[in-house]
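The primary structure of each chain is shown beneath.
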Amino acid sequence: MTRRALTTLTLILMSSAAFGGKDEREYMNHDLGPAAKAAETAFKASCGCPLKIAFNETTTKSTNDMYVAKHIVDKITGGAPGYCTDAESKKAVCQLKSLEIGKGAAAGFTFKAGKGVSLHDGQNFLDFERMTKELDK
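None of the values given here were measured: they were computed from a predicted structure. (Residues numbered from 1 in each chain as written. Predicted model: local features only at pLDDT ≥ 70, side-chain atom pairs only at ≥ 80, totals over all residues. Heavy atoms only, no water.)

A. Broad picture of the state of the cysteines. Inspection of the entire model under this criterion finds 2 disulfides. Sulfur-sulfur distance for the disulfide between cysteine 47 and cysteine 84 comes to 1.9 Å. Taking the torsion about the sulfur-sulfur bond, which here is approximately 75 degrees, the covalent link between cysteine 47 and cysteine 84 counts as right-handed. Linking cysteine 47 in helix H2 (residues 22-47) with cysteine 84 in the loop between helix H3 (63-83) and helix H4 (87-93), this pair joins segments that are 37 residues apart in sequence. One exposure class covers both cysteine 47 and cysteine 84, and it is buried. (Disulfide = S-S within 2.5 Å. Helix = DSSP H or I, 4+ residues; strand = E, 2+ residues; numbered from the N terminus. Buried < 20%, exposed > 50% of the residue type's maximum accessible area, 1.4 Å probe, protein only.)

B. Focus on the packing of aromatic side chains. Taken as a whole, this structure holds 2 aromatic pairs when the rule is applied. Seen in terms of ring centroids, phenylalanine 43 and phenylalanine 128 are 6.4 Å apart; in terms of plane orientation they differ by 90 degrees. Their pairing is edge-to-face. Of the two residues, phenylalanine 43 is situated in helix H2 and phenylalanine 128 in helix H5 (residues 128-135); the sequence distance between them amounts to 85 residues. Each member of the pair, phenylalanine 43 as well as phenylalanine 128, is classed as buried. Aromatic side chains tyrosine 83 and phenylalanine 128 sit 6.2 Å apart centroid to centroid with 90 degrees between the ring planes, which places their arrangement in the edge-to-face category. Of this pair, tyrosine 83 sits in helix H3 while phenylalanine 128 sits in helix H5, and the two are 45 residues apart along the sequence. (Phe/Tyr/Trp six-rings, centres within 6.5 Å; stacked < 30°, edge-to-face > 60°.)

What follows is the structure, given as structure tokens:
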């Protein structure tokens, strides 16, 4: 195999490994990615601080996993305007600088040093209101 062919093959395998096949890439590019950007925009507009949303590429592989992840970001988009209505609430949620969404054995939310991790179990997840309870202690 020539060096060029090997390089091309490696690039193809690396690009498809991140989010699976064509269906997964299309869902990421047309549905999940834009939904995450909308959630980031709504969070910043409502709460006055930026939030960076990322997806765990190791556990977010199938369109089914992405579908549940999209529900999580949609709950942020819908929940931030209703929650960030006073200075204390904004201060509480603005501790959250980044949020990683992935799949785990059980649904949950953890927060430490500005980073939140939201896990779904393939069906169940914690919505924005339940995340805020962890942040607003």
